[in-house]
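Working through the structure, step by step
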Amino acid sequence: MADQWQEAYDFAVQVARAAGAVIRKAGEEEIKVQTKSCTVDLVTKTDERVEKIIIGSLKEQFGEGTHSFIGEESVSKGQPCILTDKPTWIIDPVDGTTNFVHGFPFVAVSIAFAVNKEIEFGVVYSCMEDKMYKARKGQGAFCDDEPIQVSDVKDIHKSIIICEHGTDRSPETVQKIFSTQKKILCIPVHGLRGSGTAATNMCLVACGAVEAFFEIGIHCWDIAAGAVIVREAGGLLLDVDGGPFDVMSRRMVSGNNMVIVNRIIKEIEIFDTVRDDAPIVKK
Ligand SMILES: O=P([O-])([O-])O[C@@H]1[C@@H](O)[C@H](O)[C@@H](O)[C@H](O)[C@@H]1O
Ligand SMILES: [Mg+2]
């Protein structure tokens, strides 16, 4: 049977690379910053413009109405965030917006494609580094067309773990984040790191640069592409409570093997988040 998603996979790589070029160019000009859910949840005209370019290119290529779209900036403007069985693009046009605003050189375009709620392929273009990560279910994971695979480290004491602080600055949440980080650091591990973009963090797991990345508070568009890249690089994903990974749950642990992932899960202090697909409560 003809491979029906190869063309979409190849096209997604082209679109991600073109979107990255727009981001790099915009980064050379003055960036007007706005905020979304709170004062540290930043958004720029570039986020919105790049999402329009990506979705417009995909609609032009595959036709209006045939596919569904979940885009970070469309959802923040009220579009539904429901993953159905329909072929669905899950898009973060600028992952690492705060980095982009500050000129901190880790900014990624993240494009995932799901069918029947299964992520078929994912593309993460780290545009300041000019690194193209991609993976298709059953076909391996790549960085700039070179195969990548997770680290073979099994000893937590010889690991680097990525954790992020997110945008929730409530004292009780920050306390849980820091308490978790303190427990992990004092295992001890070799180090804690964070690039500021979940998509890039997952690619760092996939290429073996770190052993695990976990976060509570991310969104489906941050992690959908990285999830298939980690899995195809030989890694795994779980919920932060050890249950099955759920791309809409706003929490996950990604890692190189079950030993490391389970050790990290033991230390995570969980705090509540609202699912991406939760019904929108009218204010
Ligand atoms: O908002 P954005 O730059 O697309 O996505 C970012 C995530 O990739 C990161 O993991 C998280 O810690 C940040 O708070 C932010 O949500
Ligand atoms: Mg993001």
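Residues numbered from 1 in each chain as written. Chains lettered and ligands numbered in written order. Predicted model: local features only at pLDDT ≥ 70, side-chain atom pairs only at ≥ 80, totals over all residues. Heavy atoms only, no water.

A closer look at the sheet that holds strand β12 (residues 212-216)
- Read across the open sheet, the five strands follow the order β11-β10-β12-β14-β13; overall the sheet is mixed. Because the sheet does not close on itself, it has two edges, and the strands there are β11 (191-193) and β13 (236-238). Neighbour to neighbour, the strand axes of the sheet diverge by 20° on average, direction disregarded.
- Across three bridges, the pairing between β13 and strand β14 (residues 251-255) is antiparallel. Its bridge partner being in β14, Leu-236 is matched across the sheet by Gly-255.
- Strands β10 (160-163), β12, β13 and β14 of the sheet are contacted by helix α6 (residues 198-206), whose axis makes an angle of about 155° with β12.
- Here helix α7 (residues 220-232) sits on the sheet and contacts β13 and β14; the angle it forms with β13, its principal contact strand, is near 130°. (Pairing = 2+ DSSP bridges. Helix = DSSP H or I, 4+ residues; strand = E, 2+ residues; numbered from the N terminus. Axes fitted to C-alpha atoms, helices over the stretch in contact; angles between N-to-C directions. Contact = heavy atoms within 4.5 Å.)

Quick word on the packing of helix α1 (residues 6-26) against helix α2 (residues 45-62)
- At a closest axis distance of 10 Å, the pairing of α1 and α2 adopts a crossing angle of 155°. Our classification of the angle between α1 and α2 gives roughly antiparallel. In this structure, α1 crosses over α2, and the sense of that crossing is right-handed. Here Glu-7, Ala-8, Phe-11, Val-15, Ala-19, Val-22, Ile-23 and Ala-26 of α1 lie close against α2, whose contacting residues are Thr-46, Arg-49, Val-50, Ile-53, Ile-54, Ser-57, Leu-58, Gln-61 and Phe-62.
- Of the residues contributing to the contact of α1 with α2, the split by class is 12 nonpolar, three polar and two charged. (Parallel < 35°, antiparallel > 145°, perpendicular 65-115°, else oblique. Left-handed = near helix turned anticlockwise from the far one by under 90°. Nonpolar A, V, L, I, M, F, W, Y, C, P; charged D, E, K, R; others polar.)

Structural notes on unusual backbone geometry
- The residue after Ile-187, namely Pro-188, is reached through a cis peptide bond having omega 0°.
- One can find Pro-188 in the loop between α5 (171-185) and β11.
- Notably, Lys-117 is not glycine yet its phi reads approximately 70°, a positive angle.
- You can see Lys-117 is positioned in the loop between β5 (108-115) and β6 (118-126).

A short note on the domain arrangement of the chain
- The domain boundaries assigned to the chain delineate domain 1 (6-147) and domain 2 (156-267).
- A straight line from the C-alpha centre of domain 1 to that of domain 2 covers 20 Å.
- Tallying the contact residues gives 38 residues for domain 1 and 23 residues for domain 2.
- Buried surface at the junction of domain 1 and domain 2, both sides included, amounts to about 2,200 Å², of which 72% is carbon and sulfur.
- Joining domain 1 to domain 2, the criterion identifies zero salt bridges.
- At the surface where domain 1 touches domain 2, the tally comes to eight residue pairs in polar contact (both at pLDDT 80 or more).
- Within the residue set of the side of domain 1 that touches domain 2, elements represented by two or more residues are β3 (68-71), α3 (72-76), β4 (88-95), β5, β6 and β7 (131-136).
- Among the elements that line the side of domain 1 that touches domain 2, the one with the most residues is β6, at six residues. (Domains from an automatic or database assignment. Buried area = accessible area lost by both parts, 1.4 Å probe. Salt bridge = Lys/Arg side-chain N within 4 Å of Asp/Glu carboxyl O. Polar contact = N/O pair within 3.5 Å; in protein donor to acceptor, adjacent residues only side chain to side chain.)

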